[in-house]
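Here is what each chain is made of, one letter per residue.
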Amino acid sequence: SNMAARGRPCPPGCGEFGTCDPLRGVCQCPVTRVGPDCRALALPACAIDGAPLAPTRLTSNWESRLSGSESLGPLTCACVWQLVAMRNLLVYSFPWLGKARLRVQCALLHGEDQTVGALLAAPGRANWTLAAVQFAGQSPVLSAVSPPPGTGSWFRLEREGGGRGRRGTALGPNGFAGKAIVGGDGPRPTITTIKPPPRLVPLSECPDRCGSLGACVHTPAGSRRCECFP
C-alpha cells in the first residue's frame, strides 16, 4: 500500500514500480525508475516498447567487453549516453588496470524516437557509428573513494575522430540526434560511420517481438531467433 500504519503517506501509485518508505513518506525507486512515484524511466532511451532494459547488466564488465568487441549490444547512442552519464553506473572492475578511453558502437536513428526499441523495430534505417567512453578523472583508483566531477559521473561520451571532426569533443543527448557540429570551417560530421551489425532484423520477424527482452537476428540457416540482452 501507499502508507504503512501510523506512517507518512507516499505518492499515489508508488507500489506499482517502487517501495514506500513510511518513515519519510518517500517512494524508493529501483535503478530503472525515477520520480515521486517511480513511474518515469531513469534511462528512457534504453527501453523496448516502454519496458526498461537492466542497466547494470548492460554495463556489467563493460571495459572488457569494449576492449574485445567495441560493443555493449545493439544500443542507440542516446542509450549509451544515458548509461555513461548515470552516476556510479560505470565502474572499473580493476581500477588500477582501467583504460582511459574505450570505443563503443551505437546507432543513430532518424526522428525523435532514439530508443533501443525503435532501433530493433527497424534496424535497417539506423546509421551505426563509433563513440568513445572517456574517464573524466585523474586516477581510476581514487575514483572509488572520491566524489565524481560536477557532471555526476566519472565518465563521459565523446565523438570518435573521423573525417574533419576533432577528437575529444564531449557529446550530450542532443549531439546524437544526427545534427552536425559546426566548426570554424562549417559543419563537421558528428561521429564516424561504420558498417551495421549484419544479423539484426526487425523485431516483428520474431515471435512475440522477443518479449521486449532482446533483439531479433537471422541465423546462418536462414531462420529467425531472439538474442537476449545480457
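Keep in mind it's a predicted model, so treat the numbers as computed, not measured. (Residues numbered from 1 in each chain as written. Predicted model: local features only at pLDDT ≥ 70, side-chain atom pairs only at ≥ 80, totals over all residues. Heavy atoms only, no water.)

Caption draft 1: Quick look at the layout of surface pockets. The computed volume of the largest pocket comes to approximately 260 Å³. Forming the boundary of the largest pocket are 15 residues, of which Ser71, Gly73, Pro74, Pro197 and Glu227 lie nearest the centre. Only strand E14 (214-218) and strand E15 (224-228) provide two or more residues apiece to the lining of the largest pocket. (1 Å grid on protein atoms, 1.4 Å probe; cavity = no way out; pocket = protein on both sides within 12 Å on 5 of 7 lines; lining within 4 Å. Points joined across faces, edges and corners; volume = space filled by probe spheres on them. Helix = DSSP H or I, 4+ residues; strand = E, 2+ residues; numbered from the N terminus.)

Caption draft 2: Region of interest: helix H4 (residues 77-85). Taking burial as the measure, the nine residues of H4 include seven buried ones, the bulk of the element. Within H4 the residues assigned to the buried category are Cys77, Ala78, Cys79, Val80, Gln82, Leu83 and Val84. In this fold, the buried residues of H4 make contact with helix H2 (55-58), strand E7 (101-108), helix H5 (116-121), strand E8 (127-135) and strand E9 (155-159). (Buried < 20%, exposed > 50% of the residue type's maximum accessible area, 1.4 Å probe, protein only. Contact = heavy atoms within 4.5 Å.)

Caption draft 3: Quick look at the sheet that holds E15. What the three strands build is an open sheet, ordered E13-E14-E15; its pairing is antiparallel. At either margin of the open sheet sits one strand with a lone partner, and together these are strand E13 (200-201) and E15. (Pairing = 2+ DSSP bridges.)

Caption draft 4: Region of interest: the state of the cysteines. Summed over the entire model, instances satisfying the criterion amount to seven disulfides. Bridging Cys29 to Cys38, the disulfide has an S-S length of 1.9 Å. Its S-S torsion of about -90° marks the bond between Cys29 and Cys38 as left-handed, since a negative value means left-handed. You can see Cys228 has no disulfide; the closest cysteine sulfur is in Cys226, sitting 6.7 Å from it. (Disulfide = S-S within 2.5 Å.)

Caption draft 5: Quick look at the pattern of salt bridges. Counting across every chain of the model gives 10 salt bridges. We note a salt bridge from Asp37 to Arg39, for which the minimum N-O separation is 3.7 Å. On the basis of relative accessibility, which here comes to 19%, the residue Asp37 falls in the buried class. Arg225 is the salt-bridge partner of Glu227, the closest N and O atoms lying 3.5 Å from each other. By relative accessible area, Glu227 is classed as partly exposed at 32%. (Salt bridge = Lys/Arg side-chain N within 4 Å of Asp/Glu carboxyl O.)

Caption draft 6: Main features of helix H3 (residues 62-69). Of all the positions in H3, only Trp62, Glu63 and Leu66 are classed as buried. Looking down the long axis of H3, one finds its buried residues gathered within 95° of arc, a one-sided arrangement. Where H3 is buried, its residues meet E7, E8 and E9. With its phi angle positive at about 55°, Glu70 sits one or two positions after the end of H3. (Arc of directions from axis to C-beta.)

Caption draft 7: View of empty space enclosed by the protein. Counted under the stated rule, the structure contains one cavity of 30 Å³ or more. A volume near 40 Å³ is recorded for the largest cavity. Listing elements by their share of the lining of the largest cavity, those giving two or more residues are H3 and H4. With three residues, H4 is the largest single contributor of residues to the lining of the largest cavity. Taken together, the residues that form the lining of the largest cavity break down as eight nonpolar, one polar and no charged. (Nonpolar A, V, L, I, M, F, W, Y, C, P; charged D, E, K, R; others polar.)

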